[in-house]
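# Structural characterization, general
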Amino acid sequence: MATFTTLYKSLGTKLPILSRNLHIKSKIHKEYIFKNMLFSQKNSLHLSVSGGLRKKHFEIADTEDKKSVRDVISSLSILVGAQGFHEGNIDRSNLKELLPKSQASLPPRYMKDSFDSALIPLSSDLRLREKYVTFMGGVRVGRLMEDLDVFAVWLCYKHVHNPDNSISPYSIVTALVDRMDFQNEHSLQSDQDIRLSGHVTWAGTTSMEVTIDVEQFCTVENTWKEVTKAVFVLVARDPLNQGPAIVNSLVCETVEDKRIYHQGEINKLHRKHFAKEGLFQAPPSETEKNLVHKLFMEMADESQMKFYTKRALPNTTWMDETVLKNLIMCHPEHRNRFKKVFGGFIMRQAFELGWACAYTHSKLRPRILHIDDIMFRRPVEIGSLLYLNSQ
């Protein structure tokens, strides 16, 4: 099961805020649920995000080596001993004995240890640009989400340092994309480089929080402009992805380190709190009950004591009239380093279906404002069928 909250605005239109649900099922016995995609006009949009956008913690020197996301993927493959082709299985069972028995046996790590940056060289690599450009000349956010997912995993591997191992015994997987807020004043351009930079901002016993800055170079101002910040939560698993694995502790060096780490603790408590408020865990609150009753009275004829189930309010559309579906077969080209379906691929498919749902409903071009709560419950096998149902 997963939760995927997205805010769009439709350019040049006035739309009421509507709830959007996206269900993804993967056969056999795999299920993801992406819900609450919201679409809003600019003037009625209100975002309330725990912690807000963090100030950039580490600066990138101009003399620093400029690696690309493709370089990161290659380094990641070498680090985990992944094969370059699908044929054959990777035997990682012998790596299990290399896992630490306790956190105390691992050297502590600092935030600067996991810091790194990578470029998406859209300005110089025309073949790469073809994969990112939209039919409107912008950048495909779904492709960007794939790169963010890979980069977040890479930063976690930089954090989990064990000097005795050459090949990492860890399987690090994405558990949650906490939030992504897109800056309205800067639109992504398909002919300018995009830079990802970030580090581990919180670490528990087996899980880590990663914050990534996304910037794009502005030729007019000759500087990097912030596009969004993404917060990921990843978990460390054993080599066979059958159980948890212990990671290095995170030590704070500066006051700013402590502030960021404390925010990570708050984010953790925030997620636990909201996990307990779902309808499968708790009954509706009084506010929710009052809202349902208000909608009931607006759709009922009190004089006749009748309730009209299909009596739409002015300027509204029934959600079941906006349904848009897709079915995808997961081929080996969609795999990650451990021969499961790449989580970034699932996010891209979900995002683009959500965008299409907003587009067909509003008849105008929507623009992404916010993504929140993407949760991955279990891996998806190669050969699975992903059923996507958006509304």
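Residues numbered from 1 in each chain as written. Predicted model: local features only at pLDDT ≥ 70, side-chain atom pairs only at ≥ 80, totals over all residues. Heavy atoms only, no water.

## Some words on the environment of R237
Take R237: it is sitting in strand β10 (residues 223–237). The spatial distance from the C-alpha of R237 to the C-alpha of T206 is 7.8 Å, given a sequence separation of 31 residues. Residues in contact with R237, not counting those within four places in the same chain, are P169, Y170, S171, V173, Q242, G243, P244 and A245. A polar side-chain atom of R237 sits 2.9 Å from a polar atom in the side chain of N241. (Helix = DSSP H or I, 4+ residues; strand = E, 2+ residues; numbered from the N terminus. Contact = heavy atoms within 4.5 Å. Polar contact = N/O pair within 3.5 Å; in protein donor to acceptor, adjacent residues only side chain to side chain.)

## Describing helix α4 (residues 141–159)
The end-to-end C-alpha distance of α4 is 27 Å, a good match for the 27 Å that 19 residues give at a rise of 1.5 Å each. With 17 of 19 residues buried, α4 is to be regarded as a mostly interior element. (Expected span 1.5 Å × (residues − 1). Buried < 20%, exposed > 50% of the residue type's maximum accessible area, 1.4 Å probe, protein only.)

## Overview of the confidence of the model for the protein
Averaged over every residue, the pLDDT of the protein is 81; the share at 70 or more is 78%. Here residues 12–54 is a poorly scored stretch, pLDDT under 50, and it has 152 contacts once near neighbours within four places are set aside; other chains count. (pLDDT = per-residue confidence, 0-100.)

## A look at the packing of helix α1 (residues 69–80) against α4
Contact geometry for α1 and α4: axes closest at 10 Å, N-to-C directions at 45°. In terms of axis orientation, α1 runs oblique to α4. Relative to α4, the crossing made by α1 is left-handed. Residues V69, V72, I73, S75, L76, L79 and V80 of α1 pack against D147, V150, F151, V153, W154 and Y157 of α4. (Axes fitted to C-alpha atoms, helices over the stretch in contact; angles between N-to-C directions. Parallel < 35°, antiparallel > 145°, perpendicular 65-115°, else oblique. Left-handed = near helix turned anticlockwise from the far one by under 90°.)

## Observations concerning the pattern of salt bridges
Opposite charge on two side chains lets them pair, provided their charged atoms get close. A complete count under the given rule lists 18 salt bridges for this structure. Where K112 meets E253, a salt bridge forms, and the shortest distance between an N and an O atom there is 3.5 Å. With K112 in helix α2 (residues 111–114) and E253 in the loop between β11 (250–251) and α5 (255–275), this residue pair connects regions lying 141 residues apart in the sequence. Accessibility expressed as a relative area gives 46% for K112, which makes it partly exposed. Look at E253 and you get partly exposed, because its relative accessible area is 42%. Close ionic contact of R195 with E215 constitutes a salt bridge, the shortest N to O distance being 3.1 Å. With R195 in strand β8 (residues 194–203) and E215 in strand β9 (residues 207–218), this pair connects stretches of sequence that are 20 residues apart. Both residues of the pair, R195 and E215, belong to the buried class. Each of D178, R179, E209 and R271 takes part in one network of salt bridges that share partners. (Salt bridge = Lys/Arg side-chain N within 4 Å of Asp/Glu carboxyl O.)

## Section: the pairing of β8
Two faces make up the sheet, and in a regular strand the side chains alternate between them. In terms of burial, β8 is largely enclosed, as 10 of its 10 residues are buried. Direction of pairing for strand β6 (residues 116–120) relative to β8: antiparallel, over a ladder of five bridges. The partner of I120 across the bridge, within β8, is I194. Relative to β9, β8 is paired through nine bridges, and the arrangement is antiparallel. Paired with A203 across the two strands is M208, which belongs to β9. Between β8 and the antiparallel strand that follows it, β9, lie three residues. (Pairing = 2+ DSSP bridges.)

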